[in-house]
Amino acid sequence: MSSRQPGQSQFKGIRGSFLDFVGDPFYQSEVESVRYLVDGLLIVADGKIQAFGPYSDVHSEYPEISITEYPGRLITPGFIDTHIHYPQTGMIAAYGEQLLEWLNQYTFPTEQKFADRTYAAEVAEIFLDELLRNGTTTASVFACVFPQSVDAFFEAAERRNLCMIAGKVMMDRNAPDTLCDTAESSYQETRELIKKWHGRSRLFYAVTPRFAITSTREQLRLAGQLLQEFPDVYLHTHLSENVDEVAWVKELFPDCQGYLDTYDQARLVKERAIFAHGVQLTDQEFQRLSETDAAIAFCPTSNLFLGSGLFKIEQAKSTEYPVKVGLGTDVGAGTSFSLLQTASEAYKVAQLRHQKLSPFKMMFLATLGGAKALCLDKTIGNFDIGKAADFIVLDSQATPLMAFRNSPTPSKNLKELADRVFSLIMMGDDRVIQATYILGDLAYVRPDQTS
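No experiment lies behind these values; they were computed from the predicted model shown.

Q: For this particular structure, what's the right way to read the packing of helix α5 (residues 147-159) against helix α6 (residues 183-197)?
A: Angle between the axes and distance between the axes are the two parameters that describe a pair of packed helices. The interhelical angle for the contact between α5 and α6, taken along N-to-C directions, is 15 degrees, at an axis separation of 11 Å. Classified by the angle their axes make, α5 and α6 are roughly parallel. The chirality of how α5 crosses α6 is right-handed. Residue-level contacts link P147, V150, D151, F154, E155 and E158 of α5 to E189, L193, K196 and W197 of α6. Partitioned by chemical class, the residues of the contact of α5 with α6 number five nonpolar, no polar and five charged.

Q: Any chance you could explain the nonpolar core here in plain terms?
A: Soluble globular proteins: nonpolar side chains tend toward being buried together. Membership of the largest hydrophobic core comes to 120 residues, with the highest contact counts inside it found for Y86, M164, Y263, F275 and L289. Those residues in contact with Y86, other than ones at most four positions away along the chain, are F114, A120, V123, A124, F127, V141, F142, A143, S149, A152 and F153.

Q: How should I be thinking about the pairing of strand β4 (residues 66-77) in this particular structure?
A: Remark: a regular strand shows side chains that alternate across the two faces of the sheet. When strand β1 (residues 12-21) meets β4, the two strands line up parallel, connected through six bridges. Counterpart to F18 in the pairing with β4 is I75. Where β4 lies against strand β14 (residues 391-394), four bridges are found, and the strand directions are antiparallel. Its bridge partner lying in β14, T76 is registered against I392.

Q: Please explain the confidence of the model for the protein as it appears in this structure.
A: Detailed conclusions should not be drawn from predicted coordinates in areas where pLDDT is low. The pLDDT averaged across the protein works out to 96; a share of 98% of its residues lies at or above 70. Counting interchain partners and residues more than four positions distant, the pLDDT-below-50 stretch residues 1-7 has 20 contacts.

Q: Can you help me understand the pattern of salt bridges in this one?
A: Side chains carrying opposite charge are able to pair once their charged atoms draw close together. If you walk through the whole model with that rule in mind, you get 34 salt bridges. A salt bridge links K196 to D151, with the shortest nitrogen-to-oxygen separation between them at 3.3 Å. Highlighted residues: K196 in helix α6 and D151 in helix α5, separated in sequence by 45 residues. Take K196: its relative accessible area is 39%, and that puts it in the partly exposed class.

Q: Please explain α5 as it appears in this structure.
A: Counting along an α-helix, one turn takes 3.6 residues, and residues three or four places apart therefore face a common direction. The end-to-end C-alpha distance of α5 is 19 Å, a good match for the 18 Å that 13 residues give at a rise of 1.5 Å each. Burial in α5 covers these residues: S149, V150, D151, A152, F153, F154, A156 and A157. In the core, the buried residues of α5 are packed alongside α4 (117-133), β6 (136-142), β7 (163-167), α6 and β9 (203-209).

Q: What is the right way to look at the sheet that holds strand β2 (residues 34-45) in this model?
A: By way of backbone hydrogen bonds, the strands of a sheet pair with one another, either parallel or antiparallel. Read across the open sheet, the seven strands follow the order β3-β2-β1-β4-β14-β15-β16; overall the sheet is mixed. What marks the edges here is a single partner per strand, and that holds for β3 (48-54) and β16 (441-445). Between one strand and the next, the sheet's axes are offset by a mean angle of 35 degrees, whatever the strand orientation. Packing of α4 onto the sheet brings it into contact with β15 (433-438) and β16, and relative to β15 it is tilted by some 115 degrees.

Q: Can you help me understand the layout of surface pockets in this one?
A: Sizing a probe to match a water molecule and rolling it over the atoms shows the empty space that remains. As a volume, the largest pocket reaches approximately 190 Å³. Every residue lining the largest pocket is counted, 13 residues in all, and those nearest its centre are V246, K250, G258, Y259 and E285. For the lining of the largest pocket, the elements supplying multiple residues, two or more each, are α8 (243-252) and α9 (259-264). Sorting elements by how many residues they give to the lining of the largest pocket places α8 first, with three residues. For the lining of the largest pocket, a count of residues per class yields six nonpolar, five polar and two charged. R217, L220, R221, G224, Q225, F253, C256, T262, Q265, A266 and R267 are the residues that line the second largest pocket. In terms of residue count, helix α7 (residues 217-229) provides more of the lining of the second largest pocket than any other element does, five residues in total.

Q: Whenever I open this one, the packing of aromatic side chains confuses me. Can you help?
A: We describe a pair of aromatic rings using the distance from one ring centre to the other and the angle between the two ring planes. Within this structure, the stated rule accounts for 24 aromatic pairs. Judged by centre distance (5.2 Å) and plane angle (75 degrees), the rings of F18 and F52 are edge-to-face. Taken as a pair, F18 in strand β1 and F52 in strand β3 lie far apart in primary sequence, 34 residues in all. Here F52 falls in the buried class, since its relative accessible area comes to 9%. For the pair Y347 and F422, a centre-to-centre distance of 5.1 Å together with 70 degrees between the ring planes defines the contact as edge-to-face.

Q: Please explain the packing of α6 against α7 as it appears in this structure.
A: Where α6 meets α7, the axes come as close as 9 Å, and the angle between the chain directions of the two elements is 25 degrees. Relative to α7, the element α6 lies roughly parallel. Taken as a pair, α6 and α7 cross one another with a handedness that is right-handed. Contacts from A183, E184, S186, Y187, T190, R191 and I194 in α6 reach E218, Q219, L222, Q225, L226 and E229 in α7. A breakdown of the residues in the contact of α6 with α7 according to their chemical character gives five nonpolar, four polar and four charged.

Q: Sorry, what's going on with the pairing of β3 here?
A: Looking at chain direction, β2 and β3 are connected through six bridges and run antiparallel. Bridge pairing links A45 to K48 in β3. Linking β2 back to β3 in an antiparallel pair, the connection comprises two residues, with D46 at a positive phi of about 55 degrees.

Q: How should I be thinking about the environment of V325 in this particular structure?
A: Residue position: V325 is located in strand β13 (residues 324-327). Residue V325 is classed as buried on the basis of its relative accessible area, which comes to 2%. Leave out the neighbours within four places in its chain, and V325 touches I296, F298, F311, I313, A316, K317, L365, G369, G370 and A373.

Q: Help me understand the environment of L281, please; the structure alone is not making it clear to me.
A: As for its position among the elements, L281 is in the loop between β11 (273-277) and α10 (283-292). The spatial distance from the C-alpha of L281 to the C-alpha of A373 is 18 Å, given a sequence separation of 92 residues.

The rules behind the values
Residues numbered from 1 in each chain as written. Predicted model: local features only at pLDDT ≥ 70, side-chain atom pairs only at ≥ 80, totals over all residues. Heavy atoms only, no water. Axes fitted to C-alpha atoms, helices over the stretch in contact; angles between N-to-C directions. Helix = DSSP H or I, 4+ residues; strand = E, 2+ residues; numbered from the N terminus. Parallel < 35°, antiparallel > 145°, perpendicular 65-115°, else oblique. Left-handed = near helix turned anticlockwise from the far one by under 90°. Contact = heavy atoms within 4.5 Å. Nonpolar A, V, L, I, M, F, W, Y, C, P; charged D, E, K, R; others polar. Core = buried A, V, L, I, M, F, W, Y, C linked by side-chain atoms within 4.5 Å. Buried < 20%, exposed > 50% of the residue type's maximum accessible area, 1.4 Å probe, protein only. Pairing = 2+ DSSP bridges. pLDDT = per-residue confidence, 0-100. Salt bridge = Lys/Arg side-chain N within 4 Å of Asp/Glu carboxyl O. Expected span 1.5 Å × (residues − 1). 1 Å grid on protein atoms, 1.4 Å probe; cavity = no way out; pocket = protein on both sides within 12 Å on 5 of 7 lines; lining within 4 Å. Points joined across faces, edges and corners; volume = space filled by probe spheres on them. Phe/Tyr/Trp six-rings, centres within 6.5 Å; stacked < 30°, edge-to-face > 60°.

Now the structure itself:
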């Protein structure tokens, strides 16, 4: 808790029950990793957290500030989506097929529309509205092969003061000609986009080869060269999602020691590398991801929808070779923008593998775990002083059934809280999100709360 400051008119307070994480519950006890305040007060100024603690302690330091109260609500850091495609917003819930057929039948025709800058801008607005409505305040986002699709997305995100990662898809083979660039053009266009957008406002760039199947060796090599030239940019791609995909990669790269090695040989496997899916990873590939401090985006709704398989969460979060993991909705193969619904499916995937994901582990993956996966945990992910004030207000009585299931009064201890959080994950969706705050400012409020 910080001490009282002069000029308190610029400060604002948020009061309610707060849940965040100060450690990783996969490796620490709940008592050590979970921070829960039954009656807490968050102080925000200039978009950052200035103080945080029990209401009785903090309010005495800031007696004159305006306070917004959320009685009976649970306030958490904003959700972090580690893998999603904004151009696929309009094709969510497209019927049938597995990965490779699905790309050809739905994805590629949809993404061709993004050559039109106006259309790209319209979809970017709809996409960001959906993120905020579902409590997602940061995401790692695929754009399209067209540079204007990146410009449209970043311009929309910048207007909303959002912390976002995105990049132009690099794709020079095994795709329609209208969606293919070349190794050299992808390098030049990506380089210009990095210089234009990376580090501007709260925006970060990701070098984004779609996956090894749609990139030649030369394109992957130049992607690696970009990471050498701009060492603090991200790498975002797909990895080992589908059995047929893995087999095709083996045909295309016969001299590589598996799928991950196609990226490793191009110097793409490193910190700030985000690999979506990883359903079919080998033991050696998990070990390599751990050694390089790369991250996996676990996308259970997509993996189930496309029949790709069951992610080995217990292996990714092993003590021997731990890998950073966040949750990804992977819209549009993913079936919901809601990270609550995504966590619900993650629980079921773990159950099918005879594993258990506790409520706190799932909520960790959606918040601080996602921030760690994206190397953003110094600025977002929990309520530590100095971090950006991106947070959400959860209503555990958002539906009649949830109101019957959950008490209107705050949970008194971690056991009660775990039960409430589990019910939010299993039963919740966008209706649970009562409010979303970006840099301490209200960015979304559920329509029934506006009157």
